[in-house]
Amino acid sequence: KKEKVSPFKSLTMSLAARVGVGSLAGIALAIYIGGPGTIFWIWVSGIITSVNAFCESYLGAKYQEKDNNAYKGGPSFYISKGLKNNRLAVIYAVLVIFAYVVGFMTIQANTITKLVHEYYHIEPIIIGIILAIVSGLSIMNGLDRIINITSKLVPVMGIGYVLLSVSVVIININKMPSVLLTIVTSAFNIKSLSAGILSTFIIGMQRGIFSTEAGIGTGSIASSCSHSNNKIGLGLIQILGIYFTVFIVCTSTALLILTSNYTNLSFTNMNGIELTQYALNFHLGNLGSIILILSVISLAYSTIIAGYYYGENSLKYLLKNVSSLQISILKIVTIVLLLIGSITSPTILWNMVDILVAILAIINMYALLKMRREIIKDYTKYKNNV
């Protein structure tokens, strides 16, 4: 309780990055491209990769460093100090800056812009300017402001989205058995190996990892800003974040869509949010669009400011004595990219992020595998003392 950033606040910041538009637009895109069976594989990926979330968060806490009145850490730190591979740590830090500041954050901006434009017909450039200004005001105030926003916004938006989804499930309770059966049977569709089970499996795993970020390593950046003598506990609490993202938020989005008549739709240059918007309108009318707009703005906004922190943390690793001017330049670049992302094709953004996420995951999983004995040893010692 004496620490500046509590474990709960670090959890809400990691959730802010995880529970972004990937949980709404990304899940919708997965269903549209790969079918209902992708949800089954998203569940599977959530169970499997939650172990990764524990491992990377524990290592991030173990090798964290003091950062003025707070702490910093993450894959670059445990790759450098634990794995003793400085070159790989630098590559990871550079990729995080590109993946989050250039990729993840621009997707959030693009989703907000597309949704608000379709509903209110406001020009994308105007929406982008407003979003850039509002986000800029938050990130300009540093970690304290980011932590305070996410610790308040994440619980509210999480509870609100769950209540909305539960109400839709209750209304469509008679459809639930067939929907769940469709999810499972579609996951093992073997009519065509290439277009059936294989594509469904790949898309499900891909979107599952994108939504939870488990295995990518970035969740440990958030957990590392909290300091506790119980490093294992900091790792374990992040598993809760994965389960909440996959089994509550992502599944809620899936059920909203699968209980609508979404199969009659056809989209071009799709972001994914269009399908979620249609499903909410189908269930709740115009109220659905209003709720979705509020949900997307809060989810994407929290992801943007958390994603910025990931970029700043990586910059601090690359430049050991980083100046306030260099931090300010990163903030300005971030604001400009948010504006650009608002008017860029979503297809380009999704493809770019998928590639960057894959590379980050490969580097991080390599580090976790190389350090697995250290993790097992420390966890066994913790378990025996509980």
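So, here is what we can say about the structure in this document. (Residues numbered from 1 in each chain as written. Predicted model: local features only at pLDDT ≥ 70, side-chain atom pairs only at ≥ 80, totals over all residues. Heavy atoms only, no water.)

1. Some details on the overall build of the protein
- The helix and strand inventory of the protein stands at 16 helices and 2 strands.
- A compact globule built from 386 residues would reach a C-alpha radius of gyration of about 21 Å, and the protein, at 20 Å, matches this within 12%.
- In terms of overall dimensions, the protein has a C-alpha envelope of 55 × 50 × 40 Å along the principal axes.
- Expressed as a percentage of its 386 residues, the buried residues of the protein come to 58%.
- Within the protein, contacts between residues at least 6 apart in sequence are counted, and of these 82% link residues at least 24 apart.
- Put simply, the protein shows about 16100 Å² of open surface, and 67% of that area lies on carbon and sulfur atoms. (Helix = DSSP H or I, 4+ residues; strand = E, 2+ residues; numbered from the N terminus. Rg over C-alpha atoms; globule rule 2.2 N^0.38 Å. Buried < 20%, exposed > 50% of the residue type's maximum accessible area, 1.4 Å probe, protein only. Contact = heavy atoms within 4.5 Å. Areas by Shrake-Rupley, 256 points an atom, 1.4 Å probe, with all protein chains shown as cover.)

2. As for the environment of Ile33
- Mapped onto the fold, Ile33 is located in helix α2 (residues 25-34).
- Distance in space between the C-alpha atoms of Ile33 and Asn261 is 16 Å, their sequence separation being 228 residues.

3. What to know about the layout of surface pockets
- Reported here for the largest pocket is a volume of approximately 340 Å³.
- Lining the largest pocket are 19 residues, with Asp67, Asn68, Leu143, Glu312 and Lys316 positioned closest to its centre.
- For the lining of the largest pocket, the elements supplying multiple residues, two or more each, are β2 (70-72), α7 (142-171), α13 (286-318) and α14 (324-342).
- Along the lines of polarity and charge, the residues of the lining of the largest pocket split into 6 nonpolar, 5 polar and 8 charged.
- The space that makes up the second largest pocket amounts to roughly 250 Å³.
- Along its surface, the second largest pocket is lined by Ile112, Val116, Ile122, Ile127, Ile130, Leu131, Val134, Leu153, Leu294, Ile297, Ser298 and Tyr301. (1 Å grid on protein atoms, 1.4 Å probe; cavity = no way out; pocket = protein on both sides within 12 Å on 5 of 7 lines; lining within 4 Å. Points joined across faces, edges and corners; volume = space filled by probe spheres on them. Nonpolar A, V, L, I, M, F, W, Y, C, P; charged D, E, K, R; others polar.)

4. Details of empty space enclosed by the protein
- Evaluated as defined, the whole model comprises 4 cavities of 30 Å³ or more.
- Its boundaries defined by the atoms lining it, the largest cavity holds a volume of some 50 Å³.
- As for the largest cavity, its lining consists of Val19, Val154, Met157, Gly158, Tyr161, Phe244, Val249 and Leu299.
- Elements that contribute at least two residues to the lining of the largest cavity include exactly α7 and α11 (231-258).
- If one sorts the elements of the lining of the largest cavity by residue count, α7 sits on top with 4 residues.
- Residue composition of the lining of the largest cavity, grouped by class: 7 nonpolar, 1 polar and no charged.

5. Digging into unusual backbone geometry
- A positive phi angle, close to 60°, is found at Lys84, a residue other than glycine.
- Mapped onto the elements of the fold, Lys84 is located in the loop between α4 (75-81) and α5 (86-120).
- Look at Lys84 and you get exposed, because its relative accessible area is 67%.

6. Some remarks on the packing of helix α3 (residues 37-62) against helix α16 (residues 372-385)
- For the pair α3 and α16, interaxial distance at closest approach is 11 Å and the crossing angle is 85°. Relative to α16, α3 is oriented roughly perpendicular. In this structure, α3 contributes Phe54, Cys55, Tyr58, Leu59 and Lys62 to the contact, and α16 contributes Glu374, Ile375, Asp378 and Tyr379. (Axes fitted to C-alpha atoms, helices over the stretch in contact; angles between N-to-C directions. Parallel < 35°, antiparallel > 145°, perpendicular 65-115°, else oblique.)

7. Quick notes on α13
- Compared with the 48 Å implied by 1.5 Å per residue over 33 residues, the 48 Å span of α13 between its first and last C-alpha is a close match.
- Of all 33 residues that make up α13, 26 are buried, and the element is covered over most of its length. (Expected span 1.5 Å × (residues − 1).)

8. Concerning the packing of aromatic side chains
- For the structure shown, the criterion picks out 11 aromatic pairs.
- On the numbers, 4.4 Å between centres and 10° between planes, the contact of Tyr100 with Phe104 is stacked. With Tyr100 and Phe104 both in helix α5 and 4 residues apart, the pair spans about one turn of that helix.
- The buried category is assigned to Phe104, whose relative accessible area is 2%.
- Taken together through their ring pairs, the aromatic side chains of Phe54, Tyr58, Tyr379 and Tyr382 make up a single cluster. (Phe/Tyr/Trp six-rings, centres within 6.5 Å; stacked < 30°, edge-to-face > 60°.)

9. Description of the nonpolar core
- Ranked by internal contacts, the top residues of the largest apolar core, which has 113 residues, are Met13, Ile31, Ile39, Leu59, Tyr78, Ile79 and Tyr309.
- Element by element, the count of residues in this core is highest for α5, at 17 residues.
- Not counting the four nearest positions on each side in its chain, Tyr309 is found in contact with Met13, Tyr71, Leu143, Ile146, Ile221 and Cys225. (Core = buried A, V, L, I, M, F, W, Y, C linked by side-chain atoms within 4.5 Å.)

10. Describing α3
- Here α3 contains 26 residues, and its C-alpha end-to-end distance of 38 Å stays within 8% of the 38 Å for a straight helix at 1.5 Å per residue.
- At Ile48, α3 is bent by approximately 35°, the largest bend along its length. (Bend = angle between axes of the 7 residues up to and from the residue.)

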